[in-house]
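Fold and geometry: a report
One-letter residues, chain by chain:
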Amino acid sequence: MTGEPTATERARVQALTARGAVAERTVVSIPRVGAEFGSSQTPDIKIGGRTVVIAAGPCAVENQETLLAAARAVRSAGAVMLRGGAFKPRTSPYTFQGLGAEAFDLLAEAREATGLAIVTEVLDPRHVDLVAQRADVLQVGARNMQNYALLAEVGRVERPVLLKRGFSATVDELLMAAEHVMANGNTRVILCERGIRTFETKTRNTLDVAAVPVLKRETHLPVFVDPSHAAGRAHLVIPLALAAIACGADGLLVEVHPNPAAARSDGEQSLTPRAFAALVRQVAGVASAVGRELDVGRLTPDESATPNESDNGASSPIHELADLDLPSLLDVLANVRDDIETVDREIISLLARRVALGRRAGRVKRVAGVPVVDPIQEHAVLDRARSLAEAAGLPYRDLAALLRGMIAITRRAQLNDAAVESPKPQ
Ligand code: PEP
Ligand code: MN
């Protein structure tokens, strides 16, 4: 049909996606899943609020072993959703098209094992109900952004929809595609910038970073960025991910494979688990620089104090580690070492805080005229070691030795201050 739109048609344009259509920005909530998240108290994953989230995993579901290894790696690094295509929209019909419906059992197993929510692509309107039953988020791929029959179908189900921008689509066309979904009743739409086709050949696509603030200004919908399909090369994924978060993206969709060289699709742009862990750390820094926080899926701050926390595979049952090949094991080891270094830094900065507090206590004591070294107080600190040791599952003797060392460092700083600050005898 041609012809100018009528006034009513014009008024309806982008009525549902427009920023002013609703009072607040849309925040898409996805319940956390899996045995680990059994409690009804567990907060949902929130997309579009203050927190930033990461969905990561292989381009395609290939087999049980690879999917579980990828899921565990991305979960322990800080992803809260697992991506993985069951149905793959490949440009060439002669390449791997995905495992199809068979992949859903593997995705369900990975979801149960890790608590990660599942995001997977639906290609065919006839599969929408099936995918909606098995996934937490339905992905509509770039090649299908203007498949109106598919958009209408995903508009009729309850599940959130991650709608990718077509590689030759304008921002308005993306918004119109979202209108198709929302006009059919499903308002839980997450927009996703994944790179557009330009004259540039150094990258697979050109990441339109400007689209992020444009979309955030024009709509109330959450905006994701997929740096992997934009880049096409693994070494470009981290910088693009950082740029995306810096300019306001609410989340990232990242391809990660335990062994990218062996991936059945998109290996060149897939990160190793180790590189992904680095991405998460850097993204967390940029998120906090722009006033946001990365949701890394920790249940409560206390959880990180338990010795059972998933720590990059180190606490995985030995048989699971035994399933990994040598390069993957070395990746796990490298991740664990990075995390140990991070923890050491945190411990040392906490120790510096303890010493600063001790020095302050020392000054207060001097002004009050009480002795700086107080054996009763030191005894009380050591006494607490027993209950602290029990709570942390650590041996009492070792923890007491550590506390004694901490007390000694603090005491030396206090005595030093006392020597410098007390008036010298005339
Ligand atoms: C994908 O995310 O698996 C994918 C095929 O991406 P796109 O639709 O953006 O090409
Ligand atoms: Mn891919």
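Residues numbered from 1 in each chain as written. Chains lettered and ligands numbered in written order. Predicted model: local features only at pLDDT ≥ 70, side-chain atom pairs only at ≥ 80, totals over all residues.

**Looking at the site of ligand 1**
In the vicinity of ligand 1, the contacting residues are C59, G85, P89, E121, G141, A142, R143, K164, R194, D226 and H229. Of the residues that constitute the shell around ligand 1, the class distribution is three nonpolar, three polar and five charged. (Near = placed C-beta within 6 Å. Nonpolar A, V, L, I, M, F, W, Y, C, P; charged D, E, K, R; others polar.)

**Here we look at helix 10 (residues 273-289)**
Since there are 3.6 residues in each turn of an α-helix, residues three or four apart along the chain are aligned in direction. Here helix 10 contains 17 residues, and its C-alpha end-to-end distance of 24 Å stays within 8% of the 24 Å for a straight helix at 1.5 Å per residue. Those residues of helix 10 lying buried are P273, R274, F276, A277, L279, V280, V283 and A287. Two residues or fewer past helix 10, G291 is found with a positive phi of approximately 80°. (Helix = DSSP H or I, 4+ residues; strand = E, 2+ residues; numbered from the N terminus. Expected span 1.5 Å × (residues − 1). Buried ≥ 20, exposed ≤ 12 C-beta atoms within 10 Å, placed from the backbone.)

**Observations regarding the packing of helix 2 (residues 64-77) against helix 10**
Helix-helix packing is described using two parameters, namely the angle between the two axes and the distance between the axes. At a closest axis distance of 9 Å, the pairing of helix 2 and helix 10 adopts a crossing angle of 25°. As summarised for this structure, helix 2 and helix 10 are arranged roughly parallel, according to the angle between their axes. For the element pair helix 2 and helix 10, the recorded crossing hand is right-handed. Two secondary-structure elements touch here, helix 2 through A73, V74 and A77 and helix 10 through P273, F276, A277 and V280. Along the lines of polarity and charge, the residues of the contact of helix 2 with helix 10 split into seven nonpolar, no polar and no charged. (Axes fitted to C-alpha atoms, helices over the stretch in contact; angles between N-to-C directions. Parallel < 35°, antiparallel > 145°, perpendicular 65-115°, else oblique. Left-handed = near helix turned anticlockwise from the far one by under 90°. Contact = placed C-beta atoms within 7 Å.)

**Overview of the environment of V28**
Mapped onto the elements of the fold, V28 is located in strand 1 (residues 28-30). The spatial distance from the C-alpha of V28 to the C-alpha of T187 is 9.2 Å, given a sequence separation of 159 residues. In this structure, V28 is in contact with I47, G48, P160, R188, I190 and P222, ignoring residues within four places of it in sequence.

**Things to note about the packing of helix 2 against helix 3 (residues 103-114)**
It is at 10 Å that the axes of helix 2 and helix 3 come closest, and there the two elements cross at 35°. Considering only the axes of helix 2 and helix 3, their crossing is right-handed. Contacts between helix 2 and helix 3 involve Q64, L67, L68, A71, R72 and R75 from the first element and L106, E109, A110, A113 and T114 from the second. By residue class, the composition of the contact of helix 2 with helix 3 is six nonpolar, two polar and three charged.

**Concerning the nonpolar core**
Of all hydrophobic cores here, the largest spans 96 residues; its most connected members are M81, L163, I190, L191, V254 and F276. Aside from chain neighbours lying at most four places away, what touches V254 is I54, A56, P227, S228, V237, A241, L271, F276 and L279. (Core = buried A, V, L, I, M, F, W, Y, C linked by C-beta atoms within 7 Å.)

**A word on the pairing of strand 3 (residues 51-57)**
The two faces of a sheet get side chains in turn, since along a regular strand they alternate between them. When you tally the buried positions in strand 3, you get six out of seven residues, the bulk of the element. Pairing of strand 3 with strand 11 (residues 293-294), which is carried by two bridges, proceeds in the parallel orientation. Bridge pairing in strand 11 places V52 opposite L294. By the bridge criterion, five bridges tie strand 3 to strand 10 (residues 251-255) in an arrangement that is parallel. By the bridge assignment, I54 is partnered in strand 10 with L252. Note: strand 3 against strand 4 (residues 81-83), two bridges, orientation parallel. Across the sheet, residue A56 finds its bridge partner in strand 4, namely L82. After leaving strand 3, the chain enters helix 2 and then returns to the sheet as strand 4, a path that is right-handed. (Pairing = 2+ DSSP bridges. Right-handed = clockwise from strand over helix to strand, strands pointing away.)

**A look at the pairing of strand 10**
Counting buried residues in strand 10 gives five out of five residues, a clear majority hidden from the surface. Both faces of strand 10 are covered, namely the face carrying G251, L253 and E255 and the face carrying L252 and V254. Strand direction decides the pairing type here: strand 9 (residues 223-225) and strand 10, joined by two bridges, are parallel. Within strand 10, the position partnered with F224 by the bridge is G251.

**Remarks on the confidence of the model for the protein chain**
When pLDDT is averaged along the protein chain, the result is 89; 89% of the residues meet or exceed 70. Across the protein chain, the secondary-structure element scoring lowest on mean pLDDT is helix 1 (residues 7-12), at 65, and the one scoring highest is strand 9, at 99. Note on residues 300-315: pLDDT is under 50 here. Beyond four places in sequence and across chains, it has 24 contacts. (pLDDT = per-residue confidence, 0-100.)

**Some thoughts on helix 6 (residues 171-183)**
Compared with the 18 Å implied by 1.5 Å per residue over 13 residues, the 18 Å span of helix 6 between its first and last C-alpha is a close match. Inspection of helix 6 places L174, L175, A177, A178, E179, H180, V181 and M182 among the buried residues, and these make up the whole buried set. The inward-facing, buried residues of helix 6 contact helix 5 (148-155), strand 7 (161-164) and strand 8 (189-193). One or two residues past the end of helix 6 sits G185, with phi positive at roughly 115°.

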